[in-house]
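Results of the structural survey
Read off the chains here:
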Amino acid sequence: MRPVLPLAVVLLLATAVPAAAADGPELIPNGSFDTEAAPWWTTPDMVADTSSGSLCVDVPGGSSTAWSSIVGVDGVPLVKGQTYRFAFTVSGTAEVPIRALVQMNTEPWTSTSEVGPIMQPEPQPYEVGFTSTLDWPAGQVVFQVGGAPDDWRFCVDDVSVHTGELPAPFEQETATRVRVNQLGYLPTGPKRASLVTEETDPLPWQLLDAAGDEVAAGTTTPRGEDRTADEFVHVIDFTDETVTGEGFTLVADGETSHPFAIDADLYTGLATDALAYFYLARSGIEIDGELAGDEYARPAGHLDVAPNTGDTAVGCQAPQPWYAGWTCDDTFDVRGGWYDAGDHGKYVVNGGIAVHQVLDTWERALVAQGRASAEVGPLGDGTARIPEAGNGIPDVLDEARWELEWMQRMQVPAGSESAGYADLVFHKVQDDGWTGLPLAPDEDPQTRQVHRPSTAATLNLAAVAAKGARLWEPYDEEFAASLLDSARTAWAAAVATPDLYASPLDGNEGGGPYDDKDVSDEFYWASAELFLTTGDDEFADAVTGSPVHSADLKGAVAFDWQRTAALGRMDLALVPSELPGRDAVRDSVVTLADFALYQQGKAFFGQPYQPSDARFEWGSNGIILNNAVTLAAAADITGDETYRAAALESLDYVLGRNALDQSYVTGYGTQFSQNQHHRTFAAQLDPTLPHPPAGTLSGGPNSSIQDPVAGQTWPQGCVAQRCYLDNIQSWSTNEMTVNWNSSLTWMAAWASSDEVVENGPAMFLPIRLWMIGVVVVVVGVLALAVVGLVVVVRRRRS
């Protein structure tokens, strides 16, 4: 999850609204600037000029925030619950993002409407509707125009605010009412589609091949109204069809679906592309065009090459009221790692879950499939597009190492003067202010800063370093030993300082807060990983003594960066160990999967996520795939095909079987997301830049619609599955992050691997139990042989 960020946004003309039938009186004095500027005002760094018939100002460059330079007017009365229309025309001599707000005229300057155009040389008109959340007799309209690196000229005209009707709700266009997994289906997996229709009786359907010939036919199953989609839905089930090929379509109710494949190798390419995303997210290394594609080549970011201030000697965040008493005069080498999302921040708690899942794709292949090696599919050496390919080490581990080494660098060195926090882990490193879009990492001019250590970040390092140590030990004993040392040190530091929390206020400028005031789950996760790696009684006791160990983890969200208990629980269930009561742990993971199965049963588009309040959280696609991971884990534990089928069906939703007929994975399907919020993959803003690479997952629908583009699109809210815009500026619905792509990587790798593990739970018995079992069988056979011999001898004597 990311915070509400004060970023500038593009307002698409599609969200502009027509004139209202009955408008109230004009609330803006002198919005046309025909003769003078008064009563409009500017900050002291600018002078208003109305000689052209517009209000123009010369904006000084070099400031770090949009609100350092403002044009505004006071005295705008606002009534809570009243609907308004806000209009203006703006232009600028540089393509600078600005913020236009209707807000309070005193601290905390709460806004009730925000528009974020990017300036163009020719005047551009904007008009939006909003419902006031403020009851404020003297509000203001302001244009925040600071933050640009160079001087430029801004002009505004025809500013208007008046009461009026809101625009009609925005409706996303869809190509077909027959919603399918636009990538396709496995021959041995479930094959279901959703038909959106007002018909209540079953309807006939046909499965056609690429030539248009009928392959199968049947009737739909009406399921009812899906509250998260505001649609009446039928389900089409063609699971029994095992024909393979490409170009299949489904026809029902006069509609034809997008084409799709039925192929056993369906997910191999997606697993490769989803993993390749992490190389492009690397900080501190040149991205090689021969590996990534020429359009994605770029210089290394944040390595002390101007205009970067760099990440090799980063100072600490200036003193903040929410971290009273923390002082820090040192600098730290925190180069490397993965950029978290569309910005240039690197956050330990989000990186932690991401690198855990990247590592886990490998561990699952080793453990679940009973192999001594997993040199298969998209995981082995030489299969990924990274510089380390061919070095004799699995590529998935090489990629994870880039993040693990950065997390080690985030650990405060012993002897540091950072207020006694040695061995704890800095919560994050980020810019000291938000940058605009687009902006490549090597062009970022902002000052970098590490933020106060936190117990959560420290436990994240303990967990993933312990997991990395056991997976790296066969390939690099020295690195594995360093990871285990980091993990033990971090654990001890967290035990000594168990309640150092990141503040929710630490996300106003330049990065998200990633705050978490309950770290009992992080303690449980870290102790689980340390136990599985070391077998030490200390960590076994920490696991079994934790209240989280026996807690019911069921909920709409199985796990995410803030809820990490299931990460430890699943590893304890799947990785062989001598943990007391391990069978109960395994049963609890199956119970967790049962709740995902229950949610999927209530959802008519196949997703294992159907919150009781019918609202989707930020990053809902990541939530859906993480819930699917629990289903896959249950399939590996039990050998039950039900869980495997449910996990596979979960992929249908993110690949197009949803209310918007939208594949949320770039490059996969017919209609897919391609304008995710990102400063480098910004073709929507600059056609010379690339779109996100194939295999990039969008965060997806978000009922809270925190960004201004989404807020102005749905001023009265929206239905959960419909709260999505494929717009680079809709960061609350269309962001991309390492922890969402890690869930996609995990699921795609799982789906591209062998089918359900033979013999189910027996595959996970610890080695000692295997040996005991073999001995029991041998002894039993010998005993039977002896008994048989005795019987024969007695018969002969008789």
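Here, the structure is the one placed above.
Residues numbered from 1 in each chain as written. Predicted model: local features only at pLDDT ≥ 70, side-chain atom pairs only at ≥ 80, totals over all residues. Heavy atoms only, no water.

Here we come to a negative patch on the surface. Together, Glu-286, Asp-288, Glu-290, Asp-294 and Glu-295 line one region of the surface with negative charge. Residue placement: Asp-288 occurs in the loop between helix 1 (268–280) and helix 2 (289–292). (Patch = residues over 30% accessible without salt bridge, like charges linked within 9 Å, V, L, I, M, F, W, Y side chains within 5 Å. Areas by Shrake-Rupley, 256 points an atom, 1.4 Å probe, with all protein chains shown as cover. Salt bridge = Lys/Arg side-chain N within 4 Å of Asp/Glu carboxyl O. Lys, Arg positive; Asp, Glu negative; His and termini not counted. Charge placed at Lys NZ, Arg CZ, Asp CG, Glu CD. Helix = DSSP H or I, 4+ residues; strand = E, 2+ residues; numbered from the N terminus.)

Our focus in this paragraph is the packing of helix 10 (residues 582–602) against helix 11 (residues 620–638). Contact geometry for helix 10 and helix 11: axes closest at 8 Å, N-to-C directions at 130°. The pairing of helix 10 with helix 11 is recorded here as oblique in orientation. Crossing of helix 10 against helix 11: the hand is left-handed. Residues Arg-586, Val-589, Val-590, Leu-592, Ala-593, Ala-596, Leu-597 and Gln-599 of helix 10 touch helix 11, and the partners they reach there are Asn-627, Thr-630, Leu-631, Ala-633, Ala-634, Ile-637 and Thr-638. A per-class count over the contact of helix 10 with helix 11 returns 10 nonpolar, four polar and one charged. (Axes fitted to C-alpha atoms, helices over the stretch in contact; angles between N-to-C directions. Parallel < 35°, antiparallel > 145°, perpendicular 65-115°, else oblique. Left-handed = near helix turned anticlockwise from the far one by under 90°. Contact = heavy atoms within 4.5 Å. Nonpolar A, V, L, I, M, F, W, Y, C, P; charged D, E, K, R; others polar.)

This part covers helix 9 (residues 565–574). Where burial is concerned, most of helix 9 is hidden: 10 out of the 10 residues are buried. All of the buried residues along helix 9 are Ala-565, Ala-566, Leu-567, Gly-568, Arg-569, Met-570, Asp-571, Leu-572, Ala-573 and Leu-574. (Buried < 20%, exposed > 50% of the residue type's maximum accessible area, 1.4 Å probe, protein only.)

On to the nonpolar core, then. Among soluble globular proteins, nonpolar side chains are generally buried collectively. Counting residues in hydrophobic clusters, the biggest one holds 159 residues, and the most contacted among them are Tyr-267, Trp-338, Leu-572, Met-747 and Trp-750. Contact partners of Trp-750, with chain neighbours within four places excluded, come to Arg-364, Ala-632, Ala-635, Asp-636, Arg-644, Ala-647 and Leu-648. With 37 residues, the next largest nonpolar core counts Phe-86, Val-102, Phe-143 and Val-145 among its residues. (Core = buried A, V, L, I, M, F, W, Y, C linked by side-chain atoms within 4.5 Å.)

Defined simply, a disulfide is a covalent bond joining two cysteines at their sulfur atoms. All told, the structure shown has three disulfides when counted by the stated rule. Here Cys-56 pairs with Cys-155 through a disulfide, and the sulfurs are 2.0 Å apart. One quick way to see it: the torsion about the S-S bond of Cys-56 and Cys-155 is about 110°, and its sign makes the bridge right-handed. Of this pair, Cys-56 sits in strand 2 (residues 55–59) while Cys-155 is found in strand 9 (residues 152–163), placing the two residues 99 residues apart along the sequence. The residue that forms a disulfide with Cys-718 is Cys-723, at a sulfur-sulfur distance of 1.9 Å. Residues Cys-718 and Cys-723 are joined through a disulfide that is right-handed, its torsion about the S-S bond being 130°. Both residues of the pair, Cys-718 and Cys-723, belong to the buried class. By sequence-ordered numbering of the bonded cysteines, the protein has its disulfides arranged as 1-2, 3-4, 5-6. (Disulfide = S-S within 2.5 Å.)

This part is about the environment of Phe-130. Topologically, Phe-130 is positioned in strand 7 (residues 124–131). Of the residues examined, Phe-130 reaches a relative accessible area of 3% and is grouped as buried. Separated by 45 residues in the primary sequence, Phe-130 and Arg-85 have C-alpha atoms spaced 6.4 Å apart. Not counting chain neighbours up to four residues away, the residues in contact with Phe-130 comprise Gln-82, Thr-83, Tyr-84, Phe-86, Val-102, Thr-112, Ser-113, Leu-166 and Pro-715.

A sheet is described by the order of its strands in space; here five strands give the open sequence 1-3-8-5-6, paired in antiparallel fashion. A strand with exactly one partner marks an edge of an open sheet, and here the two such strands are strand 1 (41–42) and strand 6 (111–115). (Pairing = 2+ DSSP bridges.)

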